[in-house]
Amino acid sequence: MAKIKSHLRRAYGSYAVGANERSLAVSGLTLDVERLVLSRGNAKVDLSHTEAKILDELMKKTGTIVTRDRLLEKIWDDQAFVDDNTLNVYVTRVRKKLAAMGIQDGLQTVRGQGYRLSDNWGEMT
Amino acid sequence: VKLFLREQTPLIVIYLAQLMIITLVYRLDGGSGVNVSLYAGLLSTFLLLAYLAYRYFSNRSFYERLESLPSSLDESGGPAQGSPLAESLRKLLAQQFRLYQNDLHSYRHKLEEHIHFINQWVHAMKTPLSVIHLIIQDKDGPPFTAIGDELDRLKKGLDTVLYTARLDTFEHDFYVEQLELADIVRGVTSEQKRLFIRKRVFPAIAMDSGITITSDEKWLTFVLTQLITNALRYTIEEGRVVHFRGYLQEKGRAVLEVRDEGVGIPPGDLPRVFDAYFTGVNGRSFQESTGMGLYLVKQICSKLGHEVEISSEVGKGTAVRIIF
C-alpha cells in the first residue's frame with residue numbers, strides 16, 4: 001500500500017513539483033515554500049510554517065474558494081492544539097503579511113464557506 | 001469403594017436371601033443340625049467375599065475412573081482395563097473422543113480459513129479506497145469533502161471487521177515494545193483530524209512528560225481510534241473539546257484518560273457498555289452504533305494486559321481510562 005502511494009505521489013503529488021524548487025507564483029507574488037519567504041518585487045517577508053501552508057493552499061487555488069475544513073486539515077500537524085480560532089488568528093496574520101506586500105483585500109472571507117485569494121492586485125508597476 | 005458396594009448391593013441381598021431360603025428348606029426337611037448349616041453358610045459367605053474382593057481389585061481402576069470427573073479431554077479413554085466390560089467402555093470412549101476431535105478439527109480449520117479470507121478481502125477492499133483517497137486528495141469543495149467523509153467511514157468499518165476477525169488469533173499477531181504515550185496519542189489524533197474538523201470538536205492533549213508504556217502500537221492505535229470515534233460521535237455541540245490526559249498513578253502505572261464533553265451514558269447502561277452488540281439508549285438514538293467498539297476496546301486491552309475504566313455523567317460527558 002505504501003509503495004503504491006509513494007508511486008502515485010511521485011507521479012502526481014508533492015514530489016512532482018520538486019522540479020521547480022517548491023515555489024509558487026501568482027501574478028507577481030511568489031511563495032518559497034522551502035525557505036518560508038513571501039516576496040513581491042523587492043518586498044520580502046518571512047513566514048511561519050503554518051502561514052506558509054495556508055498561503056500555499058490558497059495560492060494553488062487562486063480565485064476559487066478554499067474551505068475552512070481544508071485549511072484546518074493543512075495546518076493540523078504543526079499545532080499542539082488546533083481549533084477554529086487558531087485558523088482565524090493565522091488568517092489575520094497572513095492578511096497582515098499580504099498588506100506588507102501592498103496587497104489589500106487579496107484574501108477574502110466567503111461567509112459560511114471559506115476563504116478565497118483573488119489576484120486583483122495586478123503586476124508591479 | 002462406595003460405588004462398588006452400591007453396584008454390588010443387589011447381589012449381596014440376593015445371596016443373603018438365597019442363603020436363608022436354602023438353610024430354611026434344609027432345616028424344615030430336618031436333615032441337618034444348627035452347626036452344619038452355620039458352617040455351610042460361613043463357607044459360602046467366605047466364597048462370596050473372596051469373589052467380591054477379586055472383583056473389586058480387578059476393577060478398582062475402572063471404578064475410580066467412573067467416580068472421578070474428567071477435568072480435561074483425554075484421548076485414550078483412560079488406562080487399559082482388566083475386565084472385558086471396562087475395556088469395551090474404554091474403547092467406546094476413545095472412539096467417541098476421536099470422532100469429536102475430528103469434527104472439532106474440521107471446524108477449527110474452517111474458522112481459520114474464514115479469518116484468512118476476511119483478511120484478504122479487507123486488504124483487497126482497502127486498495128480501491130486508497131486509490132480514491134489519492135484521487136480526491138487535492139480536490140476541495142463539498143462533494144469531495146463528502147466523499148472523503150464516506151471514505152473515512154468505509155475505512156473504519158473495514159478496520160473493525162479486520163480487528164474483530166484477528167482478535168481470535170491475537171497471540172500470533174502482536175508485537176510489544178516501549179512506546180512514548182504522547183507520540184501515540186498525537187499520531188492517532190492527527191490521523192483522525194478530518195473527523196475532528198468535520199465535527200468542529202477539537203482535541204486537547206495534556207501529557208505529563210516522558211511517559212513510556214509497554215504495548216503493541218497497532219492494537220493500541222486501533223483502541224484509541226475507537227475511543228476517539230465514540231467521543232466525537234456522541235458530542236453534538238460544536239466547539240467542544242476532547243481531552244487527552246496522560247499521567248502516572250501513585251502506584252507508578254501510566255494512565256491515559258480520554259474525556260469528551262458529549263451526551264454521556266445513562267447509569268443504567270454503564271455496566272453493560274463493554275458487552276458485545278450492546279448499544280444502549282445512545283446507540284439507538286445515534287447512527288452507526290454497532291455495539292462492537294467498546295467491546296473490542298475491552299477485549300484488546302485485556303489481551304494487552306491493560307485495564308479499562310469508564311465513568312460518565314449524562315449531559316456532561318464520558319471519560320474512558322486505560323491503565324497500562
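Residues numbered from 1 in each chain as written. Chains lettered and ligands numbered in written order. Predicted model: local features only at pLDDT ≥ 70, side-chain atom pairs only at ≥ 80, totals over all residues. Heavy atoms only, no water.

Undergrad: Please explain the interface of chain B and chain A as it appears in this structure.
TA: Bring the parts together and some accessible area is lost; that lost area is often taken as the interface size. Contact with chain B, which involves 21 residues of that partner, is made by 21 residues of chain A. For the pair chain B and chain A, the summed buried surface comes to about 1,900 Å²; carbon and sulfur atoms form 57% of the total. Counting across the chain B and chain A interface gives five salt bridges. Note that A:Glu73 is salt-bridged to B:Arg194, the shortest N-O span being 3.3 Å. Taken together, the connections running from chain B to chain A amount to six residue pairs in polar contact (both at pLDDT 80 or more). The set of elements that each furnish at least two residues to the side of chain B that touches chain A consists of helix H4 (84-136), helix H6 (181-191), helix H7 (193-199) and strand E2 (202-207) of chain B. Looking at the side of chain B that touches chain A residue by residue, the classes come out as seven nonpolar, five polar and nine charged. (Contact = heavy atoms within 4.5 Å. Buried area = accessible area lost by both parts, 1.4 Å probe. Salt bridge = Lys/Arg side-chain N within 4 Å of Asp/Glu carboxyl O. Polar contact = N/O pair within 3.5 Å; in protein donor to acceptor, adjacent residues only side chain to side chain. Helix = DSSP H or I, 4+ residues; strand = E, 2+ residues; numbered from the N terminus. Nonpolar A, V, L, I, M, F, W, Y, C, P; charged D, E, K, R; others polar.)

Undergrad: What am I meant to see in the nonpolar core here?
TA: Across soluble globular proteins, nonpolar side chains show a tendency to be buried alongside one another. Counting 83 residues, the largest nonpolar core has A:Leu38, A:Leu98 and B:Leu227 as its most contacted members. If near-sequence neighbours (up to four positions away) are discounted, A:Leu98 is found in contact with A:Leu29, A:Leu38, A:Leu55, A:Ile103, A:Leu107 and A:Leu117. The next biggest cluster of nonpolar side chains, apart from the first, holds six residues, and it includes B:Phe4, B:Leu52, B:Tyr56 and B:Tyr63. (Core = buried A, V, L, I, M, F, W, Y, C linked by side-chain atoms within 4.5 Å. Buried < 20%, exposed > 50% of the residue type's maximum accessible area, 1.4 Å probe, protein only.)

Undergrad: Would you mind showing me how to read the confidence of the model for chain A here?
TA: In regions of low pLDDT, the predicted coordinates are not meant to be interpreted in detail. Per-residue confidence for chain A gives a mean pLDDT of 79; residues scoring 70 or more make up 77%. Here residues 15-20 of chain A is modelled with pLDDT under 50, and outside its nearest four sequence neighbours on either side it reaches six contacts, counting other chains as well. (pLDDT = per-residue confidence, 0-100.)

Undergrad: Please explain the sheet that holds strand E3 (residues 37-40) of chain A as it appears in this structure.
TA: In any sheet, the strands associate via hydrogen bonds between backbone groups, in a parallel or an antiparallel arrangement. Residue and element names in this part refer to chain A. On the basis of which strands lie adjacent, the open sheet formed by four strands has the order E1-E2-E3-E4 and antiparallel pairing. In this open sheet, the two edge strands, each paired with only one partner strand, are strand E1 (23-26) and strand E4 (43-46). Geometrically, the sheet is characterised by an average inter-axis angle of 15° between neighbouring strands, direction not taken into account. Summarising the sheet, E3 and E4 pair through four bridges and their orientation is antiparallel. (Pairing = 2+ DSSP bridges. Axes fitted to C-alpha atoms, helices over the stretch in contact; angles between N-to-C directions.)

Undergrad: Would you explain unusual backbone geometry in this entry?
TA: All names here are of chain A. With a phi close to 55°, Leu36 is a non-glycine residue in the positive phi region. Following the sequence through the fold, Leu36 ends up in the loop between strand E2 (29-32) and E3. You can call Leu36 partly exposed: its relative accessible area is 22%. Of note, the phi angle at Asp105 is positive, near 55°, even though the residue is not glycine. Within the element layout of this structure, Asp105 appears in the loop between helix H5 (84-100) and strand E6 (107-110).

Undergrad: So what exactly am I meant to see when it comes to the sheet that holds strand E4 (residues 241-248) of chain B here?
TA: All names here are of chain B. Spatially, E2-E4-E5-E7-E6 is the arrangement adopted by the five strands of the open sheet, whose pairing is mixed. Each of the sheet's edge strands pairs with one partner strand only, and the pair in question is E2 and strand E6 (307-313). Adjacent strand axes in the sheet meet at a mean angle of 15°, parallel and antiparallel pairs treated alike. Both E4 and strand E5 (residues 254-259) contribute to a ladder of six bridges, which runs antiparallel. Within the sheet, the bridge partner assigned to Tyr247 lies in E5 and is Val255.

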